[in-house]
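Fold and geometry: a report
Listed below are the residues making up each chain.
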Amino acid sequence: MKLIYTLLLAIISTTLFSQDTYIQCGKLIDTKTGKILTEKTIIVSGNKISKIETGYTEGEGNDIVINLKDKTVMPGLIDMHVHMESESNPKAYLERYTNNDADVAYNSVGFAEATLLAGFTTVRDLGGSGVNISLKKAIAQEKIIGPRIFTAGKIISSTGGHGDPTNGSKKTIMGDPGPKDGVVNGIEDAKKAVRQRYKNGADLIKITATGGVLSVAKSGSNPQFKLEEIKAICQTAKDYGFHVAAHAHGDEGMQRALNGGVTTIEHGTLMSTKTMDLMKKKKAYLVPTITAGKEVTEKAEIDGYYPAIIVPKALEIGPKIQDTFKKAYKRGVQIAFGTDAGVFKHGQNGKEFGYMVEAGMPAITAIQCATIVNAKVLNMSKELGQIAPDFIADIVAVDEDPRDDIKTMENVVFVMKNGKIYKQ
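Bear in mind the structure is a predicted one, so any value in this text is a computation, not a measurement.

Focus: the packing of helix 8 (residues 251-260) against helix 9 (residues 273-282)
It is the contact of helix 8 with helix 9, at a shortest axis distance of 10 Å, that shows an interaxial angle of 15°. The angle between the axes of helix 8 and helix 9 places the two elements in the roughly parallel class. Like other packed secondary-structure pairs, helix 8 and helix 9 cross with a definite hand, here left-handed. Residues Asp-251, Met-254, Gln-255, Leu-258 and Asn-259 of helix 8 form the contact with helix 9, whose own contacting residues are Lys-274, Thr-275, Leu-278, Met-279 and Lys-282. Partitioned by chemical class, the residues of the contact of helix 8 with helix 9 number four nonpolar, three polar and three charged.

Next comes the structure, spelled out in structure tokens:
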């Protein structure tokens, strides 16, 4: 009897383990070639893609069949610039002083779920309080629903810079934040800040190479690091296997960041042709965040939405981002898809595709920027960004062919991450 029971358990376990998912695709975007294939079936085993077959095939036994014959299927999307801890609202600046870490964490749960259900199975979180590191871990352990997160933890800035967390505070609580808080002044501070982020569990480094729009400070574009400080950050980051992302609106700050060794320039608003050529020489990537530019321009026109010091910066910088993207793309600068979600509502990341296409980028190229290109930046090009054998089963689908209607990217109807279905 015991032997029979053991054999039954073994048979049940084997059956469950061998269960595959067959995804029948009317159209399938091959991000490597940029071509759209028709009538294909993706076979998913566990959390990996095991095979792609021509025609509509089905498994046997308890295998699962997903009918997406009238959909366009593609790899899970990757957003290279989000802020998973927060979301723009008129009370956001007050909430910095009233919300505890637990409040931030509870809010981020909803933001993470909205992002995943919008088809973004992987994101690069570019700065928060440090709760973003815990969020990353909770999602990885499947305690909550959300995208795979690569996070910078806390931003690294200079005193009074765009990422100084005490900007706008009264003197009695302003204090003198240091490397642990993400504020550095000098080479030794810069090295210590990178090492602290490694200790905290970050995956990459984010610096604020220039002033920014939404910080409570006067300038939105002045350089805020010396070249030697940026070099120290990038060299130390390399020791820990990190790449460096640089927030930058002003041209001089961008040039310092590129010469210092950063991998990506975020926003790049006032970029000159000289800097575009430097980006090409350094093989760096521009992460445009056009959606954020549109959003801050719109919100700046609402009385009281932002503190008064922010309004002129938003009206100056916001409207220029899309045009800079257009010029950089035409000049041959490498583009990595990123939105700055959190500056606008999480889950609306797909709007960025429309703005990129509006500026002259073909729809398939925009999708490649959000898949195969971003996977390369993350050093995950053998695991993410393609639907191919042995790649992680991150798969999404939309109703229409994006070449005919790019707005379809704003309404993802099927989401699989790591072999598990989250939306169907």
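Following the structure, the description resumes.
A look at the confidence of the model for the protein chain
Of all residues in the protein chain, 96% attain a pLDDT of 70 or more, and the chain-wide mean is 93. Within the model, pLDDT remains below 50 along residues 6-16, and this stretch shows two contacts once partners closer than five positions in the same chain are excluded.

Overview of the sheet that holds strand 11 (residues 244-248)
One open sheet accounts for five strands, arranged 10-11-12-13-14; its pairing is parallel. Sheet topology places strand 10 (205-208) and strand 14 (334-335) at the edges, where each strand pairs with a single neighbour. The pairing of strand 12 (residues 264-267) with strand 13 (residues 285-287) spans three bridges and is classified as parallel. When the bridges of strand 13 are listed, Thr-264 appears paired with Tyr-285. Seen against the sheet, helix 7 (residues 227-239) touches strand 10 and strand 11 and runs at an angle of roughly 175° to strand 10.

Topic: the packing of helix 10 (residues 290-300) against helix 13 (residues 351-358)
Their axes nearest at 8 Å, the elements helix 10 and helix 13 cross at an angle of 100°. The orientation of helix 10 with respect to helix 13, classified from their angle, is roughly perpendicular. Taken together, the residues of helix 13 that come into contact with helix 10 (itself represented by Ile-290, Thr-291 and Lys-294) are Lys-351, Glu-352, Tyr-355, Met-356 and Glu-358. For the contact of helix 10 with helix 13, the per-class residue count stands at three nonpolar, one polar and four charged.

Regarding the packing of aromatic side chains
Summed over all chains, the structure comprises eight aromatic pairs. Note on Tyr-305 and Tyr-306: the rings are 5.0 Å apart at their centroids and 90° apart in plane angle, and the pair reads as edge-to-face. Its relative accessible area of 8% is what places Tyr-305 among the buried residues. Residue class for Tyr-306 comes out buried when judged on its relative accessible area of 7%. By way of ring pairs, the aromatic residues Phe-120, Phe-337 and Phe-353 are connected into one cluster. The ring of Tyr-305 has Lys-299 sitting right over it, with the charged end atom 5.8 Å from the ring centre.

So, the nonpolar core
Counting 69 residues, the largest nonpolar core has Ile-207, Val-262, Ile-265 and Phe-353 as its most contacted members. Here this core gets six residues from one element, more than from any other, and that element is helix 14 (residues 363-377). The contacts of Ile-265, once residues within four sequence positions are left out, are Ala-246, Ala-248, Met-254, Ala-257, Leu-258, Met-271, Met-279, Tyr-285, Leu-286 and Val-287. Residues Ile-42, Ile-49, Ala-388 and Ala-393 belong to the second largest nonpolar core, which totals 17 residues.

Observations concerning the pairing of strand 17 (residues 420-423)
In this structure, strand 16 (residues 412-417) lies alongside strand 17, joined through three bridges in antiparallel fashion. Following the sheet pairing, Met-416 is matched in strand 17 by Ile-421. Count of turn residues in the strand 16/strand 17 antiparallel hairpin: two residues, of which Asn-418 carries a positive phi of about 55°.

Considerations on the layout of surface pockets
Space inside the second largest pocket adds up to approximately 280 Å³. Forming the walls of the second largest pocket are 15 residues, and the residues nearest its centre are Gly-241, Phe-242, His-243, Val-244 and Thr-263. Among the residues forming the lining of the second largest pocket, the class breakdown is eight nonpolar, five polar and two charged.

With respect to the sheet that holds strand 1 (residues 20-30)
Spatial strand order, 3-2-1-4-15-16-17: seven strands in an open sheet with mixed pairing. Only two strands of the sheet have a single partner each, and these edge strands are strand 3 (48-54) and strand 17. Neighbour to neighbour, the strand axes of the sheet diverge by 35° on average, direction disregarded. The pairing of strand 2 (residues 35-45) with strand 3 spans six bridges and is antiparallel. Following the sheet pairing, Thr-41 is matched in strand 3 by Glu-53.

How each quantity is defined
- Residues numbered from 1 in each chain as written.
- Predicted model: local features only at pLDDT ≥ 70, side-chain atom pairs only at ≥ 80, totals over all residues.
- Heavy atoms only, no water.
- Axes fitted to C-alpha atoms, helices over the stretch in contact; angles between N-to-C directions.
- Helix = DSSP H or I, 4+ residues; strand = E, 2+ residues; numbered from the N terminus.
- Parallel < 35°, antiparallel > 145°, perpendicular 65-115°, else oblique.
- Left-handed = near helix turned anticlockwise from the far one by under 90°.
- Contact = heavy atoms within 4.5 Å.
- Nonpolar A, V, L, I, M, F, W, Y, C, P; charged D, E, K, R; others polar.
- pLDDT = per-residue confidence, 0-100.
- Pairing = 2+ DSSP bridges.
- Phe/Tyr/Trp six-rings, centres within 6.5 Å; stacked < 30°, edge-to-face > 60°.
- Buried < 20%, exposed > 50% of the residue type's maximum accessible area, 1.4 Å probe, protein only.
- Lys NZ or Arg CZ within 6 Å of the ring centre and 35° of its normal.
- Core = buried A, V, L, I, M, F, W, Y, C linked by side-chain atoms within 4.5 Å.
- 1 Å grid on protein atoms, 1.4 Å probe; cavity = no way out; pocket = protein on both sides within 12 Å on 5 of 7 lines; lining within 4 Å.
- Points joined across faces, edges and corners; volume = space filled by probe spheres on them.

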